[in-house]
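As a plain string of letters, each chain reads:
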Amino acid sequence: GAVVSQHPSWVICKSGTSVKIECRSLDFQATTMFWYRQFPKQSLMLMATSNEGSKATYEQGVEKDKFLINHASLTLSTLTVTSAHPEDSSFYICSAYQTSGGNEQFFGPGTRLTVL
Amino acid sequence: TQLLEQSPQFLSIQEGENLTVYCNSSSVFSSLQWYRQEPGEGPVLLVTVVTGGEVKKLKRLTFQFGDARKDSSLHITAAQPGDTGLYLCAGYDYKLSFGAGTTVTVRA
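Presented here is an overview of the structure given in this document. Not measured: the values here are computed from a predicted model.

What counts, and where the lines are drawn
Residues numbered from 1 in each chain as written. Chains lettered and ligands numbered in written order. Predicted model: local features only at pLDDT ≥ 70, side-chain atom pairs only at ≥ 80, totals over all residues. Heavy atoms only, no water. Helix = DSSP H or I, 4+ residues; strand = E, 2+ residues; numbered from the N terminus. Rg over C-alpha atoms; globule rule 2.2 N^0.38 Å. Buried < 20%, exposed > 50% of the residue type's maximum accessible area, 1.4 Å probe, protein only. Contact = heavy atoms within 4.5 Å. Areas by Shrake-Rupley, 256 points an atom, 1.4 Å probe, with all protein chains shown as cover. Pairing = 2+ DSSP bridges. Phe/Tyr/Trp six-rings, centres within 6.5 Å; stacked < 30°, edge-to-face > 60°. Lys NZ or Arg CZ within 6 Å of the ring centre and 35° of its normal. Polar contact = N/O pair within 3.5 Å; in protein donor to acceptor, adjacent residues only side chain to side chain. Buried area = accessible area lost by both parts, 1.4 Å probe. Salt bridge = Lys/Arg side-chain N within 4 Å of Asp/Glu carboxyl O. Disulfide = S-S within 2.5 Å. Axes fitted to C-alpha atoms, helices over the stretch in contact; angles between N-to-C directions.

The next point concerns the overall build of chain A. Counting its regular elements, chain A contains 0 helices and 11 strands. In chain A, the order of α-helices and β-strands from amino to carboxyl end is β-β-β-β-β-β-β-β-β-β-β. Here the C-alpha atoms of chain A give a radius of gyration of 13 Å, agreeing with the 13 Å that 2.2 N^0.38 yields for 116 residues. Dimensions of chain A, computed from the C-alpha atoms along their principal axes, are close to 40 × 25 × 20 Å. Counting across all 116 residues of chain A, residues that qualify as buried make up 50%. For chain A, the proportion of contacts with a sequence separation of at least 24, taken over those separated by at least 6, is 54%. Summed over all atoms, the accessible surface of chain A reaches about 5,700 Å², with 52% contributed by carbon and sulfur.

Written out as structure tokens, the structure reads:
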């Protein structure tokens, strides 16, 4: 099956710094990728839809200037958390659609962000 | 905003027992998906149901999609400790909307 990877798998940073998380589709091309956030014992909340070659679409309440998304190629989307604060600590998960069709999203393993 | 409600929130049963998890919405979805998520990992797709009234079986797991395509259930027969995890339903309508999840613990 299709594989999606994320890097890093976990990161600890100081408050005020920026952190970049990568999401890669390893064996397929994805024109659309999604970024989710999951707080402990809660469900996945969609943050934004990342489209290759165009601007990301953000969900209501998600600050686009704080969570920068770049989808520069058909296999890579990045999420940069700028000026991170402790409340940004969460589990960030990406998913990708195969360009060839179907509405199955393949999820990455997630990135645990801890902001001190 | 389309909301998906899952019940129960937590479920703890003995190995060999059966369990059912429910997913309800006030909105209609073009399809509904069930995922299982282990701690510290991304969710893994179990099944997609598309047609109202559809029933899908995956070994000991049985999935139903309501006639009106607003609700679904997941039934596990003879649960095993390996079934322990967070079960999430997600409705698809151009994007996925997840329910809050049901944490299932199967005790040996």
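Moving on, there is more to tell.
Residue and element names in this part refer to chain A. Among the 8 residues of strand β5 (residues 44–51), 7 are classified as buried, and the element is accordingly described as predominantly covered. Relative to β5, strand β4 (residues 32–38) runs antiparallel, the two being bridged by 7 bridges. Pairing of W35 across the sheet is with A48, part of β5. The turn linking β4 back onto β5 is made up of 5 residues, and K41 within it adopts a positive phi angle of 60 degrees. Inspection of the sheet shows β5 paired to strand β6 (residues 57–58) by 2 bridges, in the antiparallel sense. Note that in β6 the partner of A48 across the bridge is Y58. Between β5 and β6, which follow one another and run antiparallel, lie 5 residues, and G53 among them has a positive phi close to 80 degrees.

A separate point is the packing of aromatic side chains. All names here are of chain A. Within the structure shown, the criterion is met by 9 aromatic pairs over all chains. Their ring planes at 45 degrees and their centres at 5.6 Å tell us that Y36 and F107 sit as a pair that is tilted. Here the residue Y36 occupies a position in strand β4, and F107 occupies one in strand β10 (residues 105–107), the gap between them amounting to 71 residues. Residue class for F107 comes out buried when judged on its relative accessible area of 11%. Sitting over the ring of F67, K66 keeps its end group 6.0 Å from the ring centre.

Our focus in this paragraph is the side chain of A:K66. Residues and elements named next belong to chain A. Within the secondary structure, K66 sits in the loop between β6 and β7 (67–73). The class for K66 is buried, based on a relative accessible area of 13%. Of note is the side chain of K66, whose polar atom sits 2.8 Å from the side chain of D88.

This paragraph deals with the interface of chain A and chain B. Counting residues at the interface gives 16 residues for chain A and 17 residues for chain B. Together chain A and chain B conceal approximately 1,300 Å² of surface at their shared face, both sides included; 54% is due to carbon and sulfur atoms. Connecting chain A to chain B are 1 salt bridge. One salt bridge in this structure joins A:E59 and B:K95, with 2.7 Å as the shortest N-O distance. Summed over the shared surface of chain A and chain B, the result is 4 residue pairs in polar contact (both at pLDDT 80 or more). Among the elements of the structure, β4, β5, β9 (90–97) and β10 of chain A are those that each provide at least two residues to the side of chain A that touches chain B.

With that out of the way, let us pick up the state of the cysteines. Evaluated as defined, the whole model comprises 2 disulfides over all chains. Note that A:C23 is cross-linked by a disulfide to A:C94, the S-S spacing being 2.0 Å. Given an S-S torsion of about 80 degrees, the disulfide between A:C23 and A:C94 has right-handed geometry. With A:C23 in strand β3 (residues 19–25) and A:C94 in strand β9, this residue pair connects regions lying 71 residues apart in the sequence. Note on accessibility: A:C23 and A:C94 belong to one class, buried. The disulfide partner of B:C23 is B:C89, and the S-S distance across this bridge is 2.0 Å.

A few words now on the sheet that holds strand β1 (residues 4–7) of chain B. All names here are of chain B. Across the sheet, which stays open at both edges, the 5 strands sit in the order β1-β3-β8-β7-β6 with antiparallel pairing between neighbours. Each edge of the open sheet is held by one strand with a lone partner, namely β1 and β6 (55–58). Direction aside, neighbouring strands of the sheet carry axes that sit 15 degrees apart on average.

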